Every structure is written in structure tokens, then in C-alpha cells.
Amino acid sequence: MTMAVGLIIHGDQAEAILQDKKADLVAVGREFIHNPNWAMDAAQKLGVDAAFSAVPPQMGYWLEKRARRGFGGNPSTWQKGIAG
């Protein structure tokens, strides 16, 4: 198994690495410090989990409410990625 690390910021960037079989795993470190919800944000951007169904219900409720309300901008994973 091979893992890609370093400067992986966007969900589509991580997905492209896996789909192109450049690595078997992707590690996201510093971006998680910047955005602790990176995995959920990336899933939404990629169209995998628009309703926060992959997280515990008590978290999903508040995250969905925050997303509906608009919390002042999109998270880091919503910036233009490699496809951009």
C-alpha cells in the first residue's frame, strides 16, 4: 500500500489521487488543523453526503442547520481544487 501526503487540501484533489491509482491512501494533516470538518466538507463537495447522514445524528442536525443558515462562507474544501 502507498500513501500520498503533503499539500493535499481539496477533496477533489484527494479523490483524483485515489481514482488515478497514484496512491492507495490519502493522508490529510495540516488541513484538518485548519478545518476539523474537512472530511464532511469534502464529502459534500463531491456530492457524497449532502445531508450529513454519515455523522452521528446529534452532530448532523447542527451541521445541517449551520449549512442552511450560511455561516459566512464556504469551507476550505470548497475553493477551486485541481479541476478548477
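Above this text is the structure in question.
Right, let's walk through the structure included here. (Residues numbered from 1 in each chain as written. Predicted model: local features only at pLDDT ≥ 70, side-chain atom pairs only at ≥ 80, totals over all residues. Heavy atoms only, no water.)

The next point concerns the packing of aromatic side chains. What the rule picks out here adds up to two aromatic pairs. Where tyrosine 61 meets tryptophan 62, the ring centres are 4.9 Å apart and the plane angle is 85 degrees; that geometry is what we call edge-to-face. (Phe/Tyr/Trp six-rings, centres within 6.5 Å; stacked < 30°, edge-to-face > 60°.)

Core analysis: the biggest nonpolar cluster contains eight residues, these being Ala4, Ile8, Ala14, Ile17, Ala23, Val28, Trp38 and Ala42. Apart from the residues lying within four places of it in its own chain, the contact partners of valine 28 are Ile8 and Trp38. (Core = buried A, V, L, I, M, F, W, Y, C linked by side-chain atoms within 4.5 Å. Buried < 20%, exposed > 50% of the residue type's maximum accessible area, 1.4 Å probe, protein only. Contact = heavy atoms within 4.5 Å.)

With respect to the helices, strands and loops of the structure, asparagine 37 is situated in the loop between α2 (30-34) and α3 (38-45). With residues near it in sequence (within four places) discarded, asparagine 37 still touches Leu63 and Arg66. (Helix = DSSP H or I, 4+ residues; strand = E, 2+ residues; numbered from the N terminus.)

Time to look at the pattern of salt bridges. Any two side chains of opposite charge can pair, given that their charged atoms come close. Taken as a whole, this structure holds one salt bridge when the rule is applied. Salt-bridge contacts for aspartate 12 lead to lysine 45; the nearest nitrogen and oxygen are separated by 3.7 Å. Here aspartate 12 is found in helix α1 (residues 11-19), whereas its partner lysine 45 is found in helix α3, with 33 residues between them in sequence. For lysine 45, a relative accessible area of 24% corresponds to the partly exposed category. (Salt bridge = Lys/Arg side-chain N within 4 Å of Asp/Glu carboxyl O.)

Another point: unusual backbone geometry. With glycine set apart, most residues show a phi of negative sign, and most peptide bonds adopt trans. In this structure, leucine 7 takes a positive phi of about 55 degrees despite not being glycine. Position of leucine 7 relative to the elements: it lies in the loop between β1 (3-4) and α1. Judged by relative accessible area, leucine 7 falls into the exposed class, the value being 72%. Unlike most non-glycine residues, lysine 21 shows phi in positive territory, near 55 degrees. Examined against the element boundaries, lysine 21 turns out to sit in the loop between α1 and β2 (25-26). The class of lysine 21 is exposed, set by a relative accessible area of 74%.

This paragraph deals with helix α4 (residues 57-69). Between its terminal C-alpha atoms α4 stretches 18 Å, which fits the 18 Å expected from 13 residues at 1.5 Å a residue. Looking one or two residues past α4, glycine 70 carries a phi angle of roughly 80 degrees, positive in sign. (Expected span 1.5 Å × (residues − 1).)

Let's shift gears to α1. Listed in full, the buried residues belonging to α1 are Gly11, Asp12, Gln13, Ala14 and Ile17. Lining the buried residues of α1 we find β1, β2 and α3. Positive phi shows up at lysine 21, right after α1, with a value of about 55 degrees.

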